[in-house]
Structure formats: structure tokens, C-alpha cells
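Topology and contacts: notes
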Amino acid sequence: MNLKDIKEKLSPVIKLISIVVITIAICLEIWDIQTLITNNHLPIALNPILIIARFALSAHFVEAIMAAFYAPAKNHNPIQYGVYTFFVGTIGLLELFENHSQIPDVSKKSESEP
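The following paragraphs examine the structure supplied in this document. Just so it is clear, the structure is predicted and the values come from calculations on it, not from any experiment.

This part is about the overall build of the chain. Along the backbone of the chain there are 5 helices and 0 strands. Along the chain, helices (α) and strands (β) appear in the sequence α-α-α-α-α when read from the amino end. Relative to its 114 residues, the chain shows a buried fraction of 31%. Taking all contacts inside the chain whose residues are at least 6 apart in sequence as the whole, residues at least 24 apart take part in 55%. Accessible surface for the chain amounts to roughly 8000 Å². Of this, 71% is attributable to carbon and sulfur atoms.

See the structure below:
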């Protein structure tokens, strides 16, 4: 099994895990904000998880900004690709700089339709 086969089989799994983990991190942040507003406290055991979640959200946000910045150069919608990259992470950036992409380009469809 060569590297390309491993990449093709592992990439969808990483994407799915990344989407789930980033969604959970967003929910934890919302829960934390809600507890601050209502003067409650999160369980202390969640503090290390919140630190990791904030780091992951920050890293994915930076990757999303980079993807949105470079997407027009690759003929992609910047907002669509930025959101996609925010949820899938580095895989989205790697796909952006490859010759083909896993997400459809909506802007080309809308231009060709009357």
C-alpha cells in the first residue's frame, strides 16, 4: 500500500473526526459562555478540555482565513472554502493547493446557468 492509497482512505476519516470534534468544541465554548452569563461554573474536569478546544478552534480559524484568502486564486468561492476548511482543518488547505478539490465549486454552476 503506497502513500496515495493511505491518503485516500484516511482523509475521509480525518475529515469526519475533525467535523465532530470542532462542533463539540464550539458547543463547549457556547456552554462556557452561558455559564459565565448565568454565574454558574463548568465542572473543573472540563478545564483542560476547554484549553485544547480553544487551541483547536484558533488553529482552524487561522486555516480558514488562509483558505479564504487563497481560494479565489484557485477559482473557488472564498466564504464556502473558508467554512469548509474551518471544519475539516489542514486537509482543506491541502485540497486547496492540489489540482483537484473534494468540494464542488458552486460559483461555476451559477455562472453557466441562464
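What helix α3 (residues 78-88) keeps buried is the set Y81, G82, Y84, T85, F86 and V88. A distance of 3.2 Å separates the backbone nitrogen of I79 from a side-chain oxygen at the start of α3, and that oxygen is part of N77. G89 sits one or two residues past α3 and shows a positive phi near 80°.

Looking now at the packing of aromatic side chains. The final tally for this structure, using the stated rule, is 4 aromatic pairs. Seen in terms of ring centroids, F69 and Y70 are 5.1 Å apart; in terms of plane orientation they differ by 85°. Their pairing is edge-to-face. What makes F69 exposed here is its relative accessible area of 62%. Ring centres of F86 and F87 lie 5.2 Å apart, and the angle between their planes is 85°; this geometry places the pair in the edge-to-face category. Through pairs of rings, three or more aromatic residues link up here, namely F69, Y70 and F97.

With that settled, consider helix α2 (residues 47-70). If you check α2, its first and last C-alpha atoms are 35 Å apart, about what 24 residues at 1.5 Å a residue would give, namely 34 Å. Here α2 has its buried residues at L50, A53, A56, L57, H60, E63, A64 and A67.

Take the environment of I14 next. As for its position among the elements, I14 is in helix α1 (residues 3-37). In this structure I14 comes out as partly exposed when scored by relative accessible area, which is 36%. Residues I14 and G89, spaced 75 residues apart in sequence, show a C-alpha to C-alpha distance of 9.2 Å.

Calculation criteria
Residues numbered from 1 in each chain as written. Predicted model: local features only at pLDDT ≥ 70, side-chain atom pairs only at ≥ 80, totals over all residues. Heavy atoms only, no water. Helix = DSSP H or I, 4+ residues; strand = E, 2+ residues; numbered from the N terminus. Buried < 20%, exposed > 50% of the residue type's maximum accessible area, 1.4 Å probe, protein only. Contact = heavy atoms within 4.5 Å. Areas by Shrake-Rupley, 256 points an atom, 1.4 Å probe, with all protein chains shown as cover. Polar contact = N/O pair within 3.5 Å; in protein donor to acceptor, adjacent residues only side chain to side chain. Phe/Tyr/Trp six-rings, centres within 6.5 Å; stacked < 30°, edge-to-face > 60°. Expected span 1.5 Å × (residues − 1).

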